[in-house]
Amino acid sequence: MSIPSETIQKIQQLRQQIEQHNYNYYVLDSPTVSDAVFDHLFRELAALEEKHPELITPDSPTQRVGASALSTFKEVRHRSPMLSLNNAFDEQAVSEFDRRMREGLEADIVTYAVEPKLDGAAISLIYEEGRLVQAATRGDGTTGEDVTENIRTVRIIPLKLSGTTIPSFLEVRGEIHMRKADFIRLNQKQAEKGEKIFANARNAAAGSLRQLDSRMTAQRPLSFFAYAVGELEGLPAPTTHDDMIDFLRQLKIPVCPERNLVQGLKGLLEYYQKMGDSRAQLPYDMDGVVYKVNDLKQQTKMGFVARAPRFALAHKFPAEEAITLVEDITIQVGRTGALTPVARLKPVFVGGVTVTNATLHNEDEVHRKDVRVGDTVRVRRAGDVIPEVAGVMIENRPSRTQVFAMPQQCPVCGSNVLRLENESVTRCINGLYCPAQRKGAIMHFASRRAMNIDGLGEKLIAQLINKKIITTAADLYDLKVSTLTALERMAEKSAHNIIDAIEKSKRTTLARFIYALGIRNVGEATAKDLAAFFGSLDCLINADITQLEGIPEVGPIVAKNIAAFFSESHHREFIDHIRASGISWEEGPQHIPHTLPLSGKTFVLTGTLQKMSRDTAKEEIEKAGGKVTGSVSKKTDYVVLGVDPGSKLEKAKTLGLTILDEEDFSALLK
Ligand code: IVH
């Protein structure tokens, strides 16, 4: 059957639109459509591809979710070696570099391309006829690892180049990294899940890049900036580094916006100073700046020494670590009730800011590092924002220090805490009766990716809770300008702005609202999946646990948490309260999952079946929502009996299970 050309065209058009939106969102940081519109386009494409799987190509945006796991990475030999850079740690070394360039090039003054030195992992991307065909790590510089499947999941990297002229062959080199905010969010998530905490953004980026299972990489917020071209064929090559990077930018390959062109030593040092000053404000980490002779002919003239180009230099920033004293270890309570130990530090200046506390993540992390009150510690600004204790200087430990112990009561509300087996998180069990959890829940509700209520900060929320003006996020919608202006330090204008922002948040999307509810383990992605699947809030609320488990993206733990959340009457009242205040979103096509007749039932087959083969029996059971297992246990619901049953029958009898002969079984299936 031939495929109508309109379908092919539609698919191409959707792919192009989606990738353009990805570009606007990830590269330009300025989306032009709402999440709902984007999701709609994506679902339309996915549906067409499902109907015509033969039209799926590796560069379709639907393929960015990762493929099945590899056992090892293939080796890749680089066409030209991936070099490293010579480092400079002071002005003297920079001055000598500039002198060598001027002498070598017989020039009075040299034009340099200058750019941040990103702290991540180097990668080589190969595009043939505009399509991404290979991605490889640097490895030892000569041979790297083939991480193509992982790179395909990185949404900021185009799978297809766009622009008016596309080279027949292009090797782009650049840095895979993780933005500060993404890194912090990732570590928070890891800590909540009791999974590995990354020491810094570079480890997180490099680790994510080298996952054998690309579906794991797809979950990690990786970013990329290109900083060089390895090889270019099929088009005349630009003659300067700066033009080369502009050329990449035209092909929609992300490049660092903070790059520049400068003249001579003075220009280099000014740039170093400027980037050092703005470092804390930039969204990504850097460990220095890179200077490159701009003219490519001049670069060739300078050539290489050993494993580094002579025409380039990395000018490193001083390490962002400092030494200070732990004055206390206190406990913070978050919105899920998680107790986070925090080291209160003697104020110390690290990387441009004064640090007074550092997160210790959870009980196990404190014990692993063995941080104690009175210890001298090395403090580092991981991801440049959240300070962290890098290590304890045991030799400076005073006598009579005490090993840290997690409190048995919530420090905010005094109720008991609980740490479940297999979890690293200790939680206050008081739920929304604990003021700290209430504050956290409201902050989450108002946050940018949830209801996006601008100007409603932590201090204001705390004040509103302490004064008993609000108890839940629903009460926000009853606030009046006069209530706010009655608070300390609240000007009329700010009060108006906040009320306006609350009003504006009423027009939202179902996905945002589900995310805002703060259901345990329901992050942004799951909230989107749920919204897309159910199309309406009521369908979601009414779904039972087996129906929820039946959704491909939802696992058993998430299903349990969702069902538990909506089964609580105060959560339903909360939702009714918000709905009554006039919140609205566009509902999609409603979807009520039908519960299958044998949902949740477990079967064991024993003996030879006469009426149908075992495979057919298994298929029939699964079609009806049931499961077939190999051995009989207390959890088995039915044992189906064929001819010459084995010991399973005896066991089933001992356990008092329901035993079906083939006739009973057929009747049940009907
Ligand atoms: S140019 C010919 N530019 O630093 C030299 N490298 O120590 C190729 N890096 O492995 C590198 N930011 O991964 C260059 N703007 C930048 C960079 C950069 C980070 C990394 C790169 C390389 C290492 C060299």
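Here, the structure is the one placed above.
My aim in this report is to walk through the structure given alongside it, one point at a time. Owing to the predicted nature of the structure, the values given are computational and were not obtained by experimental measurement.

## Structural notes on the nonpolar core
Next up, step 1: By size, the foremost hydrophobic cluster in this structure holds 57 residues, and its most contacted members are Phe-445, Leu-476 and Phe-513.
Next up, step 2: For this core, the element with the most residues is helix 16 (residues 510-516), which contributes six residues.
Next up, step 3: Contact partners of Phe-445, with chain neighbours within four places excluded, come to Ala-450, Met-451, Asn-452, Ala-473, Leu-476, Tyr-477, Phe-513, Ala-516, Phe-574 and Ile-578.
Next up, step 4: Core analysis: the next-biggest nonpolar cluster, separate from the first, contains 38 residues, Phe-73, Ile-156, Met-178 and Ile-245 among them.

## A word on a nonpolar patch on the surface
Next up, step 1: A cluster of nonpolar residues, Leu-418, Leu-420 and Ile-429, forms a patch on the protein surface that exposes about 280 Å² of accessible area.
Next up, step 2: Note that Leu-420 resides in the loop between strand 19 (417-419) and strand 20 (426-428).

## Some words on the site of the ligand
Next up, step 1: Close to the ligand lie 13 residues, the nearest being Glu-115, Leu-118, Glu-175, Tyr-227 and Lys-292.
Next up, step 2: One nitrogen or oxygen atom from the main chain of Leu-85 is found 3.4 Å from an oxygen atom belonging to the ligand.
Next up, step 3: In this structure, a nitrogen atom belonging to the ligand sits 2.9 Å away from a side-chain N or O atom of Glu-115.
Next up, step 4: Coverage of the ligand by the protein amounts to 86% of the 530 Å² it exposes when considered alone.
Next up, step 5: According to the grid-proximity analysis, the pocket containing the ligand is the second largest pocket.
Next up, step 6: Those elements giving two or more residues to the shell around the ligand turn out to be strand 3 (111-118) and strand 10 (286-293).
Next up, step 7: Examining the composition of the shell around the ligand, we find that four residues originate from one element, strand 3, more than from any other.

## Here we look at the layout of surface pockets
Using a probe with the size of a water molecule, rolled over the atoms, empty space left in the structure can be pinpointed.
Next up, step 1: In this structure, the second largest pocket occupies an estimated 1,400 Å³ of space.
Next up, step 2: The greatest single-element share of the lining of the second largest pocket, amounting to seven residues, is contributed by strand 8 (residues 223-233).
Next up, step 3: A per-class count over the lining of the second largest pocket returns 28 nonpolar, nine polar and twelve charged.

## A few points about the side chain of Arg-427
Next up, step 1: Relative to the helices and strands, Arg-427 is located in strand 20.
Next up, step 2: By relative accessible area, which is 10% here, Arg-427 ends up buried.
Next up, step 3: A distance of 3.0 Å separates polar atoms of two side chains, one belonging to Arg-427 and the other to Thr-336.
Next up, step 4: When sequence neighbours within four positions are dropped, the list of residues in contact with Arg-427 reads Glu-192, Thr-336, Gly-337, Ala-338, Leu-339, Asn-416, Val-417, Leu-418 and Arg-520.

## Here's the deal with unusual backbone geometry
Next up, step 1: Despite not being glycine, Glu-129 shows a phi value in the positive range, around 45°.
Next up, step 2: For Glu-129, a relative accessible area of 60% gives the class exposed.
Next up, step 3: In the Ramachandran plot, Lys-252 falls in the positive-phi region, its phi being about 70° despite a non-glycine side chain.
Next up, step 4: When you line up the elements, Lys-252 lands in the loop between helix 8 (241-250) and strand 9 (260-263).
Next up, step 5: Relative accessible area serves as the criterion here: at 23%, Lys-252 is assigned to the partly exposed category.

## So, the environment of Leu-479
Next up, step 1: Mapping Leu-479 onto the fold places it in the loop between helix 13 (458-466) and helix 14 (481-485).
Next up, step 2: Along the sequence, Leu-479 and Leu-28 sit 451 residues apart, while their C-alpha atoms lie 36 Å from each other.

## Side note on empty space enclosed by the protein
Next up, step 1: For the coordinates displayed, the defined rule picks out one cavity of 30 Å³ or more.
Next up, step 2: In this structure, the largest cavity is lined by Asp-35, Arg-449, Ala-511, Arg-512, Tyr-515, Glu-524, Ala-527 and Lys-528.
Next up, step 3: When contributions to the lining of the largest cavity are tallied by element, the ones reaching two or more residues are helix 16 and helix 17 (524-534).
Next up, step 4: Here the residues of the lining of the largest cavity sort into three nonpolar, no polar and five charged.

How each quantity is defined
Residues numbered from 1 in each chain as written. Predicted model: local features only at pLDDT ≥ 70, side-chain atom pairs only at ≥ 80, totals over all residues. Heavy atoms only, no water. Core = buried A, V, L, I, M, F, W, Y, C linked by side-chain atoms within 4.5 Å. Buried < 20%, exposed > 50% of the residue type's maximum accessible area, 1.4 Å probe, protein only. Helix = DSSP H or I, 4+ residues; strand = E, 2+ residues; numbered from the N terminus. Contact = heavy atoms within 4.5 Å. Patch = residues over 30% accessible without salt bridge, like charges linked within 9 Å, V, L, I, M, F, W, Y side chains within 5 Å. Areas by Shrake-Rupley, 256 points an atom, 1.4 Å probe, with all protein chains shown as cover. Salt bridge = Lys/Arg side-chain N within 4 Å of Asp/Glu carboxyl O. Near = heavy atom within 4 Å. Polar contact = N/O pair within 3.5 Å; in protein donor to acceptor, adjacent residues only side chain to side chain. 1 Å grid on protein atoms, 1.4 Å probe; cavity = no way out; pocket = protein on both sides within 12 Å on 5 of 7 lines; lining within 4 Å. Sits in = over half its atoms within 2 Å of the grid points. Points joined across faces, edges and corners; volume = space filled by probe spheres on them. Nonpolar A, V, L, I, M, F, W, Y, C, P; charged D, E, K, R; others polar.

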